[in-house]
Amino acid sequence: MKATITLSAIEQSKRLAAYTAVDKHILPEHKVVIGIGSGSTVPYVVERIVAQGRELNKDRVFIPTGFQSKELIVTSNLNLGDVDQFPTIDVTIDGADEVDLDLNCIKGGGACHLREKVLAEAANTFIVVADYRKNAEYLGTNFTPGVPVEVVPFAYAQVLRKLHALGSPNATLRMAKAKAGPVVTDNSNFVIDAPFPREIMTDPSTMLAKIKMLTGVVEVGLFCDMAQAAYFGNEDGSVTVKRKVENKVVEESIPPS
């Protein structure tokens, strides 16, 4: 019974963050191209958009980051688009595995971070939604599996060795849970999870650049200097909002309604 109550509180926090972000950034008068991210908070984003009504959504186009978000768009009878058709996106709303004080994020727990980063970079506004557990001082505080690194299968062993040398001796190839062998991304690649110590994760931009330079790396699940705002649903029904204002991150709290 206790586990069920805890899960319910977390799900409520996710929904609260998602609803608040949609209400702030996807207004009824907006006829826009919208990027829909991946993860456990994103269904609540789509739920809130759908609640705005068919009339408001009929002229909007929704771009998915992967299979999950594509299915959400299709089953919700929203207009499905592709980033090839719409290379500029008005707003992308996505989840995160963790967000630090500077709005840097770890993403890729669901192995979608390549496509998520494409849609984040294509967006004029990139918004992150999450529950209170993802709000951290530095990356790696609560999300301990490490930085997700998508690699081409041919190079995974070499990349793994180099990640060990870069300061992640426990970096490992992510293995699948419902099949034998490694996780395979939507892009037919492998994923390495590379945990780094705190002294490295306090400067994620530097580590991002180093990992990106490794031959065989497709994309890294560090989203640095990309998010304009992050919404965190809290257990007490409030929402913590962190947003960038003139290159500074300011924090505010929206009380329970």
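Residues numbered from 1 in each chain as written. Predicted model: local features only at pLDDT ≥ 70, side-chain atom pairs only at ≥ 80, totals over all residues. Heavy atoms only, no water.

What to know about the sheet that holds strand β3 (residues 89–94)
Ordered by their spatial adjacency, seven strands build an open sheet running β2-β1-β3-β6-β12-β13-β14, and the pairing between neighbours is mixed. One side of each edge strand has no neighbouring strand; the edge strands of this open sheet are β2 (61–64) and β14 (248–254). The mean inter-strand angle of the sheet, taken between neighbouring strand axes irrespective of direction, is 20°. Here strand β12 (residues 229–233) pairs with strand β13 (residues 239–245) via five bridges, running antiparallel. Of the residues in β13, the one forming a bridge with alanine 229 is arginine 243. (Pairing = 2+ DSSP bridges. Helix = DSSP H or I, 4+ residues; strand = E, 2+ residues; numbered from the N terminus. Axes fitted to C-alpha atoms, helices over the stretch in contact; angles between N-to-C directions.)

Considering the confidence of the model for the chain
Looking at the chain as a whole, the pLDDT averages 94, with 97% of positions reaching at least 70. Within the model, pLDDT remains below 50 along residues 1–6, and this stretch shows zero contacts once partners closer than five positions in the same chain are excluded. (pLDDT = per-residue confidence, 0-100. Contact = heavy atoms within 4.5 Å.)

Topic: the layout of surface pockets
The space that makes up the largest pocket amounts to roughly 360 Å³. Taken together, 23 residues line the largest pocket, and the ones lying closest to its centre are Ser38, Gly39, Ser40, Gly109 and Gly110. Residue classes in the lining of the largest pocket are distributed as six nonpolar, ten polar and seven charged. A volume near 200 Å³ is recorded for the second largest pocket. Along the walls of the second largest pocket sit Ile63, Pro64, Thr65, Gly66, Lys70, Leu80, Gly81, Asp82, Val83, Arg115, Val118 and Leu119, which together make up its complete lining. (1 Å grid on protein atoms, 1.4 Å probe; cavity = no way out; pocket = protein on both sides within 12 Å on 5 of 7 lines; lining within 4 Å. Points joined across faces, edges and corners; volume = space filled by probe spheres on them. Nonpolar A, V, L, I, M, F, W, Y, C, P; charged D, E, K, R; others polar.)

A closer look at the nonpolar core
One finds Leu163, Ile192, Phe196 and Leu222 to be the most contacted residues of the largest nonpolar core, which totals 27 residues. When residues of this core are traced back to their parent elements, those giving at least two are β7 (147–151), α6 (156–165), β9 (190–194), α7 (198–201), α8 (204–212) and β10 (217–220). When sequence neighbours within four positions are dropped, the list of residues in contact with leucine 163 reads Val149, Ser168, Ala171, Ile192, Ala194, Phe196, Ile211 and Leu214. Formed by 25 residues, the second largest nonpolar core is a distinct cluster that contains Ala21, Tyr44, Val45 and Val241. (Core = buried A, V, L, I, M, F, W, Y, C linked by side-chain atoms within 4.5 Å. Buried < 20%, exposed > 50% of the residue type's maximum accessible area, 1.4 Å probe, protein only.)

What to know about helix α5 (residues 113–122)
The element α5 is largely enclosed, with a buried count of seven among its ten residues. Along α5, the positions that sit buried rather than exposed are His113, Leu114, Glu116, Lys117, Leu119, Ala120 and Ala122.

Focus: the environment of valine 61
By secondary structure assignment, the location of valine 61 is in strand β2. Given a relative accessible area of 17%, valine 61 falls into the buried group. When the C-alpha positions of valine 61 and arginine 243 are compared, they lie 25 Å apart, and in sequence the two are 182 residues distant. Setting aside its immediate chain neighbours within four residues, valine 61 contacts Val32, Val33, Ile34, Asn79, Leu80, Gly81 and Phe86.

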